[in-house]
Structures are given as C-alpha cells and as structure tokens.
Amino acid sequence: QVQLVESGGGLVQAGESLRLSCGASGRTFSSSAMGWFRQAPGKEREIVAAINWSGSDFFKAASVKDRFAISRDNAKNTVYLQMNSLKPEDTAVYYCAARRTQQEIEIRPREYDVWGQGTQVTVSS
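Description of unusual backbone geometry
Even without being glycine, N77 reaches a positive phi, approximately 55°. Within the secondary structure, N77 is located in the loop between β7 (68-73) and β8 (78-83). With phi around 50°, S85 is a residue other than glycine that occupies positive phi space. Along the chain, S85 falls in the loop between β8 and β9 (92-99). A relative accessible area of 39% means that S85 is categorised as partly exposed.

Below you can see the structure in the form of structure tokens.
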C-alpha cells in the first residue's frame, strides 16, 4: 500500500522555524513530482511549494517565497519543507502529495493522486 506520512508539525511562536518531512512507503517516489499544500479552517486547500522529480525545478507560493524552502532526498524517499520566519497566517494543516506518474511540478491539487494525512502547524502571535 502506497503511503505518504508527514511529520514535524507543531506549535511555535511567530518568527520561529519548523521543518516538515514527508516520507514515502510502499513504493519509491524518486520519479514523481511532489508538493506541499495547506488548508486553514474555512479555506480551500492551497499550494505551498512543489518540486520536480530530480529537485532541479521548484515552485513556491508568493506568500512563502522568501521564507520557505522545498527539497527532496530521493535516496531516503523523503521531501522536506523548511519553514522560517513563521507567521500566524501560516497556521494550517499541511499536506504532502505526490504525482505518481508525472515528473514535473504542478500547482493544482487535483493533479496529485497520493496524499498524506496532514500535520498541524500552529503559529501563535
């Protein structure tokens, strides 16, 4: 069974950092584009960052562009989201997702076909 498992979420104060990890099991995702999404209460799920299969190309949402970084380690079958200078508006459930058969980045959630269960990130002011 293919699974993505996120970890690293938590409660932090504004200005602090967190690193989210997304580990894959059941198959390798080294040939898959991966993405991080987030969903706050009452809001739609939105793209945070995405990375292509090799890590040579990536996308970051404008709201996080100067603060977050996405990376991957295909040898470990893991994708990371480094979040710095966190703000209260970053509070959301963060989801990792994979495009099983596609190598290039995509920002639309419907283009991803494997999802993790999500990890809560709460930033207090």
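Some points on the nonpolar core
For soluble globular proteins, the rule of thumb is that nonpolar side chains tend to be buried together. Judged by nonpolar contacts, the single largest core of 28 residues is most densely connected at L4, M34, W36, L81, M83 and Y94. Elements that contribute at least two residues to this core include exactly β3 (18-25), β4 (33-39), β5 (46-51), β7, β8, β9 and β11 (119-124). Beyond its immediate stretch of four places on either side in the chain, Y94 contacts E6, L20, F37, R38, V48, F68, L81, M83, G118, T119 and V121. Formed by five residues, the second largest nonpolar core is a distinct cluster that contains F37, I47, A50 and Y112.

Topic: the state of the cysteines
Counting across every chain of the model gives one disulfide. Across a sulfur-sulfur distance of 2.0 Å, C22 and C96 are joined as a disulfide pair. A torsion of -75° about the S-S bond marks the disulfide between C22 and C96 as left-handed. Pair noted here: C22 is in strand β3 and C96 is in strand β9, with a separation of 74 residues, a long-range link. Assigned by exposure class, C22 and C96 land together as buried.

Structural notes on the layout of surface pockets
The calculated volume of the largest pocket comes to roughly 150 Å³. If you trace the largest pocket, you find it lined by R38, Q39, A40, K43, E44, E46, E89, T91 and A92. Residue classes in the lining of the largest pocket are distributed as two nonpolar, two polar and five charged.

Some remarks on the packing of aromatic side chains
As enumerated under the stated definition, the model contains four aromatic pairs in all. Taking 5.0 Å as the distance between ring centres and 50° as the angle between the ring planes, the aromatic pair formed by F37 and W115 counts as tilted. With F37 in strand β4 and W115 in strand β10 (residues 114-115), the pair connects residues that are 78 residues apart, well separated along the chain. F37 gets classed as buried once you look at its relative accessible area, which sits at 0%. According to the relative accessible area criterion, W115 is partly exposed, its value standing at 27%. Here a set of aromatic residues connected by ring pairs shows up, and it is made of F37, Y95, Y112 and W115. In this structure, R45 packs its charged tip against the face of Y95, placed 3.8 Å from the ring centre. Above the ring of W115, the side-chain terminus of R45 is found at 4.8 Å from the ring centroid.

About the criteria used
Residues numbered from 1 in each chain as written. Predicted model: local features only at pLDDT ≥ 70, side-chain atom pairs only at ≥ 80, totals over all residues. Heavy atoms only, no water. Helix = DSSP H or I, 4+ residues; strand = E, 2+ residues; numbered from the N terminus. Buried < 20%, exposed > 50% of the residue type's maximum accessible area, 1.4 Å probe, protein only. Core = buried A, V, L, I, M, F, W, Y, C linked by side-chain atoms within 4.5 Å. Contact = heavy atoms within 4.5 Å. Disulfide = S-S within 2.5 Å. 1 Å grid on protein atoms, 1.4 Å probe; cavity = no way out; pocket = protein on both sides within 12 Å on 5 of 7 lines; lining within 4 Å. Points joined across faces, edges and corners; volume = space filled by probe spheres on them. Nonpolar A, V, L, I, M, F, W, Y, C, P; charged D, E, K, R; others polar. Phe/Tyr/Trp six-rings, centres within 6.5 Å; stacked < 30°, edge-to-face > 60°. Lys NZ or Arg CZ within 6 Å of the ring centre and 35° of its normal.

Purely spatial values, then, with no claim about function.
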